[in-house]
Amino acid sequence: IQDDKYVQTTSERMRLEVIGQRLLTGRVAVAQAAVRFGKLLFANTRAYRDMVFGSAAASVDGLAEFWERSEAKKCWAPGAEPALSEIPQLQALFREAGAKFERLDQFLGLVQSHLSADLQQNAIPSNKLVQAIAVGKVRAVETSIALCFRLKQEVGSYALMGDTGFEHTDFLQCCKFAEGDSRILMQ
């Protein structure tokens, strides 16, 4: 301390700066993980939705006798049995989720590239970048939570079955509080 100010006496980064960098990279990683989880849950559900029993039966040993050939997954509707893939609100949700996840991926990729450049140059990220990281984390997590919840509401009993991915949606709640509570970051 010189003249009541801290003076760096080594070339090593200050511990607070190192902790800050880890916090920022952690926020980007959490945001990307939330988006990845959401995309995988939608992909697994799409695979189930689009499943044609005849072609899927070949890969499931011993269950072929229970599967009807060339018949898409059916669901009940008054006066009809449409394929699950034909339900309009489910089609709309898949389109909406695809567009939102794509935008989030693009934004987080841009944020990550700027943060990587700063870290490689041993530069402190700008306030604008720090804010973009916080926004990306909150937006990615909250969007994934909302879309996955809506998907769960649309697919009904499928979401209650084991090995569908829905049993792991608490992961998104963990993301909400990891590397900074989303509610605090929004202030």
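Residues numbered from 1 in each chain as written. Predicted model: local features only at pLDDT ≥ 70, side-chain atom pairs only at ≥ 80, totals over all residues. Heavy atoms only, no water.

Participant: Quick one: what's the story with the overall build of the protein, residue by residue and with numbers?
Facilitator: On a plain count of helices and strands, the protein comes out with six helices and zero strands. Tracing the protein from N to C terminus, the helices and strands come up as α-α-α-α-α-α. In the protein, which comprises 187 residues, the proportion classed as buried is 35%. Of the contacts made within the protein by residues no fewer than 6 positions apart, 70% connect residues no fewer than 24 positions apart. (Helix = DSSP H or I, 4+ residues; strand = E, 2+ residues; numbered from the N terminus. Buried < 20%, exposed > 50% of the residue type's maximum accessible area, 1.4 Å probe, protein only. Contact = heavy atoms within 4.5 Å.)

Participant: Describe the packing of helix α3 (residues 88-120) against helix α4 (residues 127-155), naming the residues involved and giving the relevant values.
Facilitator: Two quantities define a packed helix pair, namely the angle between the axes and the distance from one axis to the other. Contact geometry for α3 and α4: axes closest at 10 Å, N-to-C directions at 160°. By the angle between their directions, the pair α3 and α4 is classed as roughly antiparallel. Between α3 and α4 the crossing geometry is left-handed. Here the residues of the contact of α3 with α4 sort into 17 nonpolar, five polar and six charged. (Axes fitted to C-alpha atoms, helices over the stretch in contact; angles between N-to-C directions. Parallel < 35°, antiparallel > 145°, perpendicular 65-115°, else oblique. Left-handed = near helix turned anticlockwise from the far one by under 90°. Nonpolar A, V, L, I, M, F, W, Y, C, P; charged D, E, K, R; others polar.)

Participant: I'd like a description of α4, backed by residues and values.
Facilitator: Helix length check: α4, at 29 residues, gives a terminal C-alpha distance of 42 Å against a target of 42 Å (1.5 Å per residue), a fit within 8%. Among the residues trailing α4, G156 stands out with phi positive, at a value near 55°. (Expected span 1.5 Å × (residues − 1).)

Participant: A description of the pattern of salt bridges should follow, citing residues and the corresponding values.
Facilitator: Opposite charge on two side chains permits them to pair, given that their charged atoms come into close proximity. Within the structure shown, the criterion is met by four salt bridges. Across the pair E96 and K100 runs a salt bridge, and its minimum N-O distance is 2.9 Å. Here E96 pairs with K100, and both are found in helix α3, just four residues apart, close to one helical turn. What makes E96 partly exposed here is its relative accessible area of 24%. Taken together, the salt bridges that share partners define one network made up of E96, K100 and R150. (Salt bridge = Lys/Arg side-chain N within 4 Å of Asp/Glu carboxyl O.)

Participant: Go over the packing of aromatic side chains, please, and point to the residues and values.
Facilitator: What the rule picks out here adds up to five aromatic pairs. With a centroid separation of 5.3 Å and 85° between ring planes, the pair formed by F42 and F94 is classed as edge-to-face. Here F94 lies in helix α3 and F42 lies in helix α1 (residues 15-49), a separation of 52 residues in the sequence. Residue classification places F94 among the buried positions, given a relative accessible area of 5%. With a centroid separation of 4.1 Å and an interplanar angle of 20°, the aromatic rings of Y48 and Y158 are classed as stacked. Of this pair, Y48 sits in helix α1 while Y158 sits in the loop between α4 and α5 (170-177); the two residues are 110 residues apart in sequence, bridging distant segments of the chain. Here the two residues Y48 and Y158 agree in accessibility, since each one is buried. (Phe/Tyr/Trp six-rings, centres within 6.5 Å; stacked < 30°, edge-to-face > 60°.)

Participant: Before we move on, could you go through unusual backbone geometry and cite the residues and values that matter?
Facilitator: For D3, which is not a glycine, the phi torsion comes out positive at approximately 55°. Topologically, D3 is positioned in the segment before α1. Located in the positive-phi region is D163, a residue other than glycine, with phi close to 60°. A residue is classified by how much of its surface remains accessible, and D163, at 78% relative accessible area, is exposed.

Function cannot be read off these values alone, since they describe shape.
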